[in-house]
Amino acid sequence: MARVIVLSVFIYVLIVTGGQGQVPLEDTTFWESSEENVYSTGLIWRDCNNDGYIDAFLSNGNDIVRAKNFIYISEYGTLPHSASWSSADNEYSGHCAVGDVDDNGFPDLAVANFLGAGGFVTMNLSNLYLNMDGLPNTIADWRSGDSTYTFSCAFGDADGDGDLDLAFATGMSYGGPALYDYIYYNIDGTLQTTPGWQSGVATEAMDVTWGDVDNDGDLDLAFCYDDKAAEVYYNYNGVIETTPSWHSMLASSANTVIFGDINGDGWLDLIVAFNYQNAGQGYYRVYYNDGTGVLEGYPRWRSGDGGYGSAIALYDYDNDGDDDLAAGRWWDQLRVYENLGDSLTSNPVWRAQPATVVEEIAWIDVDGDGVEAIVDTIYTSGDRKLFYTDKHPLQAIDSVIADGVRLTNSDYCYDMIDGWVSLGNEPSDHVVIFYQFSYKNDVTISNWDTYNMAFGNFSRPYVDFYSDVRVGQAPMEVQFSDSSIGATEWLWNFGDGESDIVENPVHTYTEGGAYDVRLENLLPDRRHNRTIKKMIVALADTVYMPRIVASAGDTVKMSIYLKNSQPMKYFVLPITYGGPLQLDYIDFDLDSCRSDYFDQVKMIAFSPFEGKATFSFTPDLYGSNPPLEAGYGRLINIYFLLQSGTGTNILDTTTLSSKQLLLDASFVKYQPFVMTGYVSLSDQIKGDVNGDGNINLLDILYLINYLYKSGPAPDAYAGDVDSNGAINLLDITYLINYLYRNGPPPIL
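Chemist: Honestly, the sheet that holds strand 53 (residues 583–589) in this entry has me stumped. Any pointers?
Modeler: Two strands in a sheet stick together by hydrogen bonds in their backbones, pointing the same way (parallel) or opposite ways (antiparallel). Spatial ordering of the open sheet is given by 53-56-51-49-60, a layout of five strands whose pairing is mixed. One side of each edge strand has no neighbouring strand; the edge strands of this open sheet are strand 53 and strand 60 (673–675). For this sheet the average axis-to-axis angle between neighbouring strands, irrespective of direction, equals 25°. Pairing between strand 49 (residues 542–544) and strand 51 (residues 555–564): three bridges, direction antiparallel. When the sheet's bridge partners are listed, Tyr-544 is paired in strand 51 with Tyr-561.

Written out as C-alpha cells, the structure reads:
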C-alpha cells in the first residue's frame, strides 16, 4: 500500500465552535421551499452556475406522484423559496447525483427514476441533464438504455480514468422483482446507454455509494438492500468484481448507506440507516473497518432507538477533528449523534423541532459565511490515482495540480460529499488540491411530506469584522473594525487593489463597484482569514435624460442613457415630461440600446394628463439571460409628438402609481442619480435668460436675481447656460466669461 502524507495549508480560514456540549444548530428552519405535493427525495448541493455561491439540486416524486426536478439558484448567498429551474419531464424520481460528466466545468444532474408512468407495475429509464452554460437543459440529454426500478444513483470513477461513471441501485423493494445493479461507464464525456457492469446477483437495492475501503487507491462500491444484508464490491485496479467480497452478517431492511472514518484510524467504516417498514428494528449502525480493508461482519455501534431510518450524513459540526452523524427518519425529527473520538453517542445530542419524512440530509454552508479555502498537498509513491481531501464535505474544488502541472477538467473528477479526487494518471510525487470548506455548515434536508428545509449554524466566526456603512455613493469613506477575539496582527484587502495593516482602518472607495473584503489576522492559535463577498457597494450610477431642441410638429426621440456600477437584474424608470409644451406619447423601442436582449421592457404606468410614464426593465424572466453588466449606454428610446406650446419641459424622474426610480442588483437595491434634461422649442436662445432676444449683462443680472433674490425663474433651456442640467452659480460665471473674457458661447 502506498504511503500517503497530507499537509493542509489554510489559505483563508473561518473556524466556528459552539460552546462546550452545545450543538450550534437552530432547531427551527431558516429556509423552506415553497412547492407543495412534489415529494422531494434527492438533495445535492453544488454551484450550478459557477458564480461562487452554492445551489440546491432536488429530484422529486418518489413513489407518490410524477413530478419535475428542481434547482434552487442562490442569489448572492440567499436561497430562493421557489425553484429557479425545473425539468420539462415529470417522473416518479428517487435520488439524484450531481457531477461534471462532460468535463465542461458545469455540474450535470443525474436522476434515478423509480417507477414508470404506470406506477408500481411499470419500470422506467433514468435521466441525465447536461449543464452547458450555468443551468441544465430542461429535457434529458441522456437516458439509460434499460428500463428498471431504481431508487438511487451515485457518481464514481469505477475504472480510474479520471471521469465520472454512474452507478444505480436497482430492484423493487415492495415484493420485487429483484434486479441487477448497474454501472454506466463514461466514455470521453458521454455515458454508455447500456451498462458496462452489472452485479452477479439480482437484488432489491435501495442505495449505492463509493469509497476506498481497502485504501488501495481506487473506489469500491457499496449497496444496501431491502431484502438482504449490505454488501461491498471491491475494485481491483479499475475492475469492479461482480460478486461482493464483503457482506454484513446482519440481514435487515435498509434505506441508506455511506462511508466515513468514525474512529479516526484512517480507514473507511460503513454506516447504514435501517428502516423497519418491511422488516427489522430500524437502527442506525456502523460497521468498523478492521484496519486491513475488511469491514467487520457485525456492527459495533448502533443507535439507542429504531424507526423508519431514511437518511444519514457526516460532518464535524463541533470542529473537534472527528465526524458527527446527522440522521433522519420518516415521521420523526432530524437528529445529530456526536462523535466521542472512537464511537458515536447512542442517543442524539440535538433534535430539530419539526417531525417530517426525511429523505436525504446534506451538510452545507448555505450563505457561505463560514467558507475557507484550503490547500492539501498529498505526497505519493506514484502508484495511486485516488486521493481524499483532509476535510469534507466540500463547498467547492477550485483546482488540482499534479507534479507541478495544473490539471484540466478532463484530467480528474471528484466528489464533494466525501472529498475524493480521482485522476486519470498517477502522479509520480505529489498532488495539490485547492478546495473550499466551511467550519460553519448548516444542515439541510429533503422532505417527502412537507417542504425542504435548512437549519442554521449559529456559531460565531473567529475572524469577525464589520463596517460602519455597506452601501453609498462613490467616493465612499468606510470605517472597518475587527471584533475578532485576541487578534494581534491584521492584513486587510479591500477588494479594489488597496490594503492596510492596522486594526480598524478607514478606506475610501473612489470608483463604483461591489467589493469583496478580506481580513487575515493573527489569533492566539495561528493565522485566520475570512472574505465577505460584495461587502461594500460603492455606487456611481446615473440616468441621463436627453436635452432636445425641436419645432412644433416634430417627432421627438428621447434617448435615455444609463451608467450602472452594479449588474442590473431589474430596473424601474418613472419619467416626467410635462410642462408648457404639449408632448403626446407615441411609442418606445430598444434600437441600439443595451437592453435590446431583455426578456421584458414595458410601460407599467401612464398618466398623459400629468405628463408621466413609468417603464420597467427585466433582463431575465426565464433563466436564460444574464443581468445587464456594469457599464454605460443607451437604455431606451421614447417617442413623442411635439404639438404646440412655448417654453421648455423638464425631463426628470418622478413617482407614478407608487412606482419610484429603482435599480435592483439582487444584492442591493438603490436609486441612481438623475441628470435632468429638457425639451425646448427651437426659437429659444441658449443664454438669453430674460427672453429679450439678446445675450448681455441683463441676463447675468436676471440669473443673480433668480438665484439670490427670489426673482422669477428663467426658461430651463435658456438659463442652463453650461448645459450641465442645473441652473446655478456656474451659469453666471459662464456668461461672464463669454461676455467679458472671450470664453466659449453657451453650450447648445
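Chemist: What's the story with the sheet that holds strand 9 (residues 127–129) in this structure? I'm lost.
Modeler: Taking strand neighbours across the sheet as the criterion, the four strands line up as 7-8-9-10 in an open arrangement whose pairing is antiparallel. Every other strand in the sheet has two partners, leaving strand 7 (92–99) and strand 10 (142–143) as the edge strands with one partner each. Two strands pair when backbone bridges link them, and strand 8 (residues 108–115) and strand 9 are joined in this way by three bridges, in the antiparallel orientation. Looking across to strand 9, one finds that Ala-110 is bridged to Leu-128.

Chemist: Just to check I follow, could you spell out the nonpolar core for this structure?
Modeler: Nonpolar side chains tend to gather and get buried jointly when the protein is soluble and globular. Of all hydrophobic cores here, the largest spans 51 residues; its most connected members are Trp-45, Trp-350, Ile-361, Trp-363 and Val-443. No other element matches strand 31 (residues 358–364), which puts five residues into this core. When residues are assigned to domains, this core turns out to be shared by domain 1 (1–26 + 248–368 + 441–458) and domain 2 (371–438), each giving three or more. Sequence-distant contacts of Trp-45, that is, excluding residues within four places in its chain, are made with Ile-54, Asp-55, Ala-56, Leu-79, Ala-362, Ile-364, Val-366, Met-416 and Thr-444. Listed in part, the 37 residues of the second largest apolar core include Ile-548, Leu-583, Ala-613 and Val-674.

Chemist: I'm lost on the packing of aromatic side chains in this one. Help?
Modeler: How two aromatic rings sit relative to each other is given by the distance of their centres and the angle of their planes. In this structure the tally under the stated criterion is 42 aromatic pairs. A centroid spacing of 5.2 Å and a plane angle of 80° characterise the contact between Trp-142 and Tyr-184, whose relative ring orientation is edge-to-face. Of this pair, Trp-142 sits in strand 10 while Tyr-184 sits in strand 13 (residues 182–184); the two residues are 42 residues apart in sequence, bridging distant segments of the chain. Given the relative accessible area of 7%, Trp-142 is considered buried. For Tyr-184, a relative accessible area of 1% corresponds to the buried category. Pairwise contacts between aromatic rings join Tyr-39, Tyr-276, Tyr-308, Trp-330, Trp-331 and Trp-448 into one cluster. Sitting over the ring of Tyr-225, Lys-228 keeps its end group 5.4 Å from the ring centre. If you follow Arg-530 out to its NZ or CZ, it ends over the ring of Phe-465, 6.0 Å from the centre.

Chemist: Would you explain the pairing of strand 29 (residues 332–337) in this entry?
Modeler: Regular strands have side chains that alternate between both faces of the sheet. Judged by how many residues are buried, strand 29 sits mostly within the fold: five of six residues are covered. Here three bridges tie strand 28 (residues 324–329) to strand 29, and the two strands are oriented antiparallel to one another. When the sheet's bridge partners are listed, Ala-327 is paired in strand 29 with Arg-335. Here strand 28 folds back onto strand 29 in antiparallel fashion, the turn holding two residues, of which Trp-331 has a positive phi close to 55°. Two elements, strand 29 and strand 30 (residues 350–356), share four bridges in a ladder whose sense is antiparallel.

Chemist: Looking at this model, I keep getting lost on the packing of helix 1 (residues 697–708) against helix 3 (residues 729–740). Mind explaining?
Modeler: Each pair of packed helices can be summarised by the angle the axes make with each other and by the distance between the axes. Following both chains from N to C, one finds helix 1 and helix 3 inclined at 165°, their axes separated by 10 Å at the closest point. By the angle class used here, helix 1 and helix 3 are roughly antiparallel. Crossing of helix 1 against helix 3: the hand is left-handed. Only Leu-729, Asp-731, Ile-732, Leu-735, Ile-736, Leu-739 and Tyr-740 of helix 3 make contact with helix 1, whose side of the interface consists of Leu-697, Asp-699, Ile-700, Leu-703, Ile-704, Leu-707 and Tyr-708. Here the residues of the contact of helix 1 with helix 3 are counted per class, giving twelve nonpolar, no polar and two charged.

Chemist: I'm lost on the domain arrangement of the protein chain in this one. Help?
Modeler: Reports of interface size often rely on the accessible area that becomes lost once the parts have come together. What the domain assignment reports for the protein chain is domain 1 (1–26 + 248–368 + 441–458), domain 2 (371–438), domain 3 (465–539), domain 4 (542–681) and domain 5 (697–741). Of note, the centres of domain 3 and domain 4, computed from C-alpha atoms alone, are 37 Å apart. Counting residues at the interface gives nine residues for domain 3, matched by six residues for domain 4. Summing the contributions of domain 3 and of domain 4, the shared interface buries around 520 Å²; its carbon and sulfur component is 73%. Sorting the residues of domain 3 by area buried against domain 4 places Lys-534, Val-537 and Leu-539 first, and these three jointly supply 58% of that buried surface. In this assembly, domain 3 and domain 4 are joined by zero salt bridges. For the pair domain 3 and domain 4, the number of links is three residue pairs in polar contact (both at pLDDT 80 or more).

Chemist: Could you clarify how one ought to interpret the pattern of salt bridges in this entry?
Modeler: When the charged atoms of two side chains with opposite charge come close together, those side chains can pair. Counting across every chain of the model gives 13 salt bridges. Salt-bridge contacts for Glu-520 lead to Arg-518; the nearest nitrogen and oxygen are separated by 3.8 Å. Judged by its relative accessible area of 17%, Glu-520 is buried. Notably, a salt bridge pairs Arg-527 with Glu-520, separated by 3.8 Å at the nearest N-O pair. The network of salt bridges with shared partners includes Asp-305, Arg-329, Asp-332 and Arg-335.

Chemist: What exactly am I supposed to notice about the pairing of strand 50 (residues 547–550) here?
Modeler: Because side chains alternate across strand 50, one face comprises the buried residues Ile-548 and Ala-550, and the other comprises Arg-547 and Val-549, none of which is buried. Two elements, strand 50 and strand 61 (residues 677–681), share four bridges in a ladder whose sense is parallel. Note on strand 61: the bridge partner recorded for Arg-547 is Tyr-678.

Conventions used here
- Residues numbered from 1 in each chain as written.
- Predicted model: local features only at pLDDT ≥ 70, side-chain atom pairs only at ≥ 80, totals over all residues.
- Heavy atoms only, no water.
- Pairing = 2+ DSSP bridges.
- Helix = DSSP H or I, 4+ residues; strand = E, 2+ residues; numbered from the N terminus.
- Axes fitted to C-alpha atoms, helices over the stretch in contact; angles between N-to-C directions.
- Core = buried A, V, L, I, M, F, W, Y, C linked by side-chain atoms within 4.5 Å.
- Buried < 20%, exposed > 50% of the residue type's maximum accessible area, 1.4 Å probe, protein only.
- Domains from an automatic or database assignment.
- Contact = heavy atoms within 4.5 Å.
- Phe/Tyr/Trp six-rings, centres within 6.5 Å; stacked < 30°, edge-to-face > 60°.
- Lys NZ or Arg CZ within 6 Å of the ring centre and 35° of its normal.
- Parallel < 35°, antiparallel > 145°, perpendicular 65-115°, else oblique.
- Left-handed = near helix turned anticlockwise from the far one by under 90°.
- Nonpolar A, V, L, I, M, F, W, Y, C, P; charged D, E, K, R; others polar.
- Buried area = accessible area lost by both parts, 1.4 Å probe.
- Salt bridge = Lys/Arg side-chain N within 4 Å of Asp/Glu carboxyl O.
- Polar contact = N/O pair within 3.5 Å; in protein donor to acceptor, adjacent residues only side chain to side chain.

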